[in-house]
Amino acid sequence: MRSGMQSVKGIPVSPGIVMGRAIVLGNAETHVPRRIIESDSLDLEVARLDTALQAAVEDLAILRDRTEAQIGRDAAKIFGFHLGLLQDPTLLAPMRTRIITDRVNAEVAVADAFQRLADQFRALGSEMFSQKANDVLDLDRRVLAKLMGEDENRLATLTEPSIVIAHELTPSQTAGMDRTMVIGIATDLGGRTSHTSIVARAIEIPCVVGCSRVMGRVADGDMVIIDGDTGVIIVRPDARTLAEYRIQQERFSVYRSMLRNTAQLESVTKDGTRIQLLGNIEFPHEVESVFANGGDGVGLYRTEFLYLTSDHEPTEEEQFAAYKSTIELLKGRPCTIRTLDLGADKYTQQRASEPERNPFLGLRSIRYCLQHKPLFKTQLRAILRASAFGPLKVMFPLVSTVMELRQARLIFNDVCEELSEEGVRYDPNIPVGIMVETPSAALMANAFAKEVSFFSIGTNDLIQYTLAVDRGNERVAHLYSGASPAVLYLVKTVVRTARRSGVECSLCGEVAGEAIYTMLLIGLGLRTLSLVPSQIPLIKRVIRSTTIEHCEELARRVGSFDSERQVLNTLRDELRKVDPGSFAGWVAE
Ligand code: PEP
Ligand code: MG
């Protein structure tokens, strides 16, 4: 068992300070969770081990029989070796003894025993034995996967508020978390705008990602503090540190309630210009949070989350019900729905028989929809049917060529015609737009402007594609920045083109929710921002502290800079001048 306080630094992605016991989610490939078993649970732990071993034996027997039938007896021999090992008492007995005597969990007993055997094979020094060592490790992963398959179960059956520690979480795992039981998250991998981080922000669970090997430093049941503002994680804090963080926690909640007072004030600059603040949502019930935080409506509805949290492909009726309920909850306020943004880190890779080598540059978003027409049409039918119930706009994600937009529109028009023929009601004048989130779309904004009603700038992707920096990779997170002059140049180009062409333009990437960017975005000409609902009060506070003249002067100044550092320093200084309060330590930078 590890002991002593440790501190780990990561990337803060969802604010707030929480403290609680850790639940470490394992990953057979990368990390084996470690916990001390209570004396009265040792028999249960041995039973867990035996069940996992039995399940692995059954899987292998099926594989052996199938291989023998399809390829032949020789090819199936390897499974004979695996099966023999899994039933060999000289390997299994020490695992059981280890659980009882050292009180370790089954995963640790399995991993250590297989590792020892693999080392023994390797020490024999021949090619044949080192192949055997690989087989042993393969078997190790198979048994561990059986044991760790229970992780989802453990998450679903938590009995006390806990802090989830994982190597990596998928957006759907995060979206499916019970907020009353999961109070904080820390992961080894991830960046500020990876979708898991976006979901953690949306459901307001303090979260730190991109931590250096946090999994290896925490054991199940350890006390952990997560500081979602600074990105610090304290493992096994001493009494003094706990007390200090409790004071910080108190400060944070005072700050939050102070901000809540701003929520219902008007979103208007000191010189009277109204800035529309909309919410980014993933699920209909988040509309409530948009209103509670003083938002005017929904500027980005990420519809793919219905797919991510469902165990089957959502039907037209299920999609329609979700969209209609969102529109009804909005009571006439605006709603921009985005067609499915599946692919990359969302949904399709986990299910693909052959995962893509470069999924963020692969078959994602509109590209995926154009290659899966029935799926796309089903969604468009659901969207159009919902449009009969309130104001709705629709936009396509990740459009990179005008041809793609035209193809999408053709399918859209087909669906409109089908609905008309069936006599189904929909809004025939529903505005159609695109997300501008690839450099090509930004550079060709002029051409796109002739064919759409609106642009919504998606900086999360625009940054990653402009700078060639994976938005979810913690190793290059220091290179990922909305303050990059190249990105700002593209944003400026799109806003200007839109204005000249009479096309509406808003911005819905995460920078819209970061206070240091607010004045710059207004200065660049944006009058509508869509952001995570919980940040609306803070952004409103900045808007109410500044003037258009000041924002435009700032945008001009920043436009002449050639380094991201210079831009950031200037934005920070200006924000400090107009709203020192927002620097109380909770401004995302
Ligand atoms: C974006 O890319 O900026 C965006 C809003 O879309 P998402 O984060 O869902 O990719
Ligand atoms: Mg995007």
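Quick notes on the rules
- Residues numbered from 1 in each chain as written.
- Chains lettered and ligands numbered in written order.
- Predicted model: local features only at pLDDT ≥ 70, side-chain atom pairs only at ≥ 80, totals over all residues.
- Heavy atoms only, no water.
- Near = heavy atom within 4 Å.
- Polar contact = N/O pair within 3.5 Å; in protein donor to acceptor, adjacent residues only side chain to side chain.
- Areas by Shrake-Rupley, 256 points an atom, 1.4 Å probe, with all protein chains shown as cover.
- 1 Å grid on protein atoms, 1.4 Å probe; cavity = no way out; pocket = protein on both sides within 12 Å on 5 of 7 lines; lining within 4 Å.
- Sits in = over half its atoms within 2 Å of the grid points.
- Helix = DSSP H or I, 4+ residues; strand = E, 2+ residues; numbered from the N terminus.
- Axes fitted to C-alpha atoms, helices over the stretch in contact; angles between N-to-C directions.
- Left-handed = near helix turned anticlockwise from the far one by under 90°.
- Contact = heavy atoms within 4.5 Å.
- Nonpolar A, V, L, I, M, F, W, Y, C, P; charged D, E, K, R; others polar.
- Expected span 1.5 Å × (residues − 1).
- Buried < 20%, exposed > 50% of the residue type's maximum accessible area, 1.4 Å probe, protein only.
- Arc of directions from axis to C-beta.
- Pairing = 2+ DSSP bridges.
- Donors = N, O, S within 2.8 Å, 3.2 Å for Na, K, Ca; no water.
- Domains from an automatic or database assignment.
- Core = buried A, V, L, I, M, F, W, Y, C linked by side-chain atoms within 4.5 Å.
- Salt bridge = Lys/Arg side-chain N within 4 Å of Asp/Glu carboxyl O.
- Phe/Tyr/Trp six-rings, centres within 6.5 Å; stacked < 30°, edge-to-face > 60°.
- Parallel < 35°, antiparallel > 145°, perpendicular 65-115°, else oblique.

This part takes up the site of ligand 1. By nearness alone, 17 residues border ligand 1, and R302, E437, G458, N460 and R471 come closest of all. The separation between an oxygen atom of ligand 1 and a polar main-chain atom of T459 is 3.1 Å. For ligand 1, an oxygen atom lies 2.8 Å from a polar atom in the side chain of R471. Coverage of ligand 1 by the protein chains reaches 100% of its 290 Å² of free accessible surface. Judged by the fraction of its atoms near the pocket grid, ligand 1 is located in the largest cavity. Those elements giving two or more residues to the shell around ligand 1 turn out to be α8 (195-202), β10 (298-302) and α20 (459-467). Tallying contributions element by element places α20 first for the shell around ligand 1, with 3 residues.

In this section: the packing of helix α13 (residues 316-330) against helix α16 (residues 373-386). Between α13 and α16, the least distance of the axes is 8 Å, while the angle of their chain directions is 35 degrees. Once α13 is placed against α16, the crossing between them reads as right-handed. Each of E316, E317, Q319, F320, Y323, K324 and I327 in α13 lies in contact with α16, whose residues at this interface are T378, Q379, R381, A382, I383, R385 and A386. Broken down by class, the residue content of the contact of α13 with α16 amounts to 6 nonpolar, 3 polar and 5 charged.

A few words on helix α24 (residues 548-559). Over its 12 residues, α24 extends 16 Å from the first C-alpha to the last, a length consistent with the 16 Å expected when each residue adds 1.5 Å. Residues of α24 that are buried: I548, H550, C551, L554, A555 and V558. Looking straight down α24, one finds that the buried residues subtend no more than 160 degrees of arc, so they occupy a single side. Residues of α24 that are exposed and point more than 90 degrees away from the buried face comprise E549 and R556. Tucked inside the fold, the buried residues of α24 contact α21 (485-501), α22 (515-523) and α25 (564-578).

Moving on, we come to the pairing of strand β8 (residues 232-235). Alternating residues of β8 divide into V232 and I234 and I233 and V235, and every residue in both groups is buried. Where strand β1 (residues 6-9) lies against β8, 4 bridges are found, and the strand directions are antiparallel. Its bridge partner lying in β8, S7 is registered against I234. By the bridge criterion, 4 bridges tie strand β7 (residues 223-227) to β8 in an arrangement that is antiparallel. Pairing of I226 across the sheet is with I233, part of β8. Here β7 folds back onto β8 in antiparallel fashion, the turn holding 4 residues, of which G231 has a positive phi close to 85 degrees.

Moving on: the coordination of the magnesium ion (ligand 2). At this site the magnesium ion (ligand 2) is bound by E437 (OE) and D461 (OD), with donor distances of 2.0 to 2.2 Å. Taken together, the residues span a long stretch of sequence, with E437 in the loop between β13 (432-436) and α18 (439-443) and D461 in helix α20 at a distance of 24 residues. Here D461 falls in the buried class, since its relative accessible area comes to 2%.

This part takes up the sheet that holds strand β5 (residues 182-187). Pairing in this open sheet of 8 strands is mixed, and the strands run β1-β8-β7-β3-β4-β5-β6-β2 from one edge to the other. The sheet is open, and its two borders are formed by β1 and β2 (11-14), each paired with just one other strand. Put simply, the sheet's adjacent strands are angled 30 degrees from each other on average, direction ignored. Sheet analysis places β5 next to strand β6 (residues 207-209), joined by 2 bridges and oriented parallel.

So, about the domain arrangement of the protein chain. Split by domain assignment, the protein chain resolves into domain 1 (6-27 + 154-251), domain 2 (39-148) and domain 3 (273-587). Computed from C-alpha atoms alone, the centre-to-centre distance between domain 2 and domain 3 is 48 Å.

Inside soluble globular proteins, nonpolar side chains tend to come together where they are buried. Core analysis: the biggest nonpolar cluster contains 99 residues, and F376, F455, V491, L507 and L529 have the highest contact counts within it. The leading source of residues in this core is helix α17 (residues 402-422), at 8 residues. Sequence-distant contacts of F455, that is, excluding residues within four places in its chain, are made with I434, V436, A445, F448, A449, V494, A498, V503, E504, C505 and S506. Counting residues in each nonpolar core, the second largest holds 36 residues, with L60, L83, L85 and M148 among its members.

A full pass over the atoms with the stated rule returns 39 salt bridges. Two residues, R98 and D112, come together in a salt bridge whose shortest N-O distance is 2.5 Å. A residue pair is termed long-range when its members are at least 10 positions apart, and R98 in helix α3 (residues 89-102) and D112 in helix α4 (residues 106-123) qualify at 14 residues. We classify R98 as partly exposed; its relative accessible area is 21%.

In this description, an aromatic ring pair is defined by two values, namely the gap between the centres and the angle between the planes. Taken as a whole and assessed by the stated rule, the structure comprises 5 aromatic pairs. On the basis of an interplanar angle of 40 degrees and a centroid distance of 6.5 Å, the ring pair of F252 and Y255 is categorised as tilted. Highlighted residues: F252 and Y255, both in helix α10 (residues 239-263), separated by 3 residues, approximately one helical turn. Relative to Y323, the ring of Y301 lies with its centre 5.8 Å away and its plane at 90 degrees, an arrangement referred to as edge-to-face.

Let us look at unusual backbone geometry. Working note: non-glycine residues mostly have negative phi, and peptide bonds are mostly trans. Its identity as a non-glycine residue notwithstanding, E204 has a phi of 60 degrees, on the positive side. As for its position among the elements, E204 is in the loop between α8 and β6. Backbone geometry at L398 places phi at a positive 50 degrees, although glycine is not the residue there. With respect to the element layout, L398 can be found in the loop between β12 (393-396) and α17. With relative accessibility at 0%, the residue L398 sits in the buried group.

Before going further, it helps to examine the packing of helix α1 (residues 42-70) against helix α2 (residues 73-86). Where α1 meets α2, the axes come as close as 8 Å, and the angle between the chain directions of the two elements is 165 degrees. What the angle tells us is that α1 and α2 run roughly antiparallel. α1 and α2 meet at a crossing whose hand is left-handed. For the pair formed by α1 and α2, the contact residues are L53, A56, V57, L60, A61, L63, R64, T67 and E68 on the first element and R73, A75, A76, F79, H82, L83 and L86 on the second. The residue makeup of the contact of α1 with α2, split by class, is 11 nonpolar, 2 polar and 3 charged.

Another point: the environment of D470. Relative to the elements of secondary structure, D470 occurs in the loop between α20 and α21. The exposure class of D470 is partly exposed, given its relative accessible area of 33%. Distance from D470 to N105, taken between C-alpha atoms, is 36 Å for residues 365 residues apart in sequence. In contact with D470, other than residues within four places in its own chain, are F360, Q464 and V476. Only 2.8 Å separates the side chain of D470 from the backbone nitrogen of G472, close enough to count as a polar contact.

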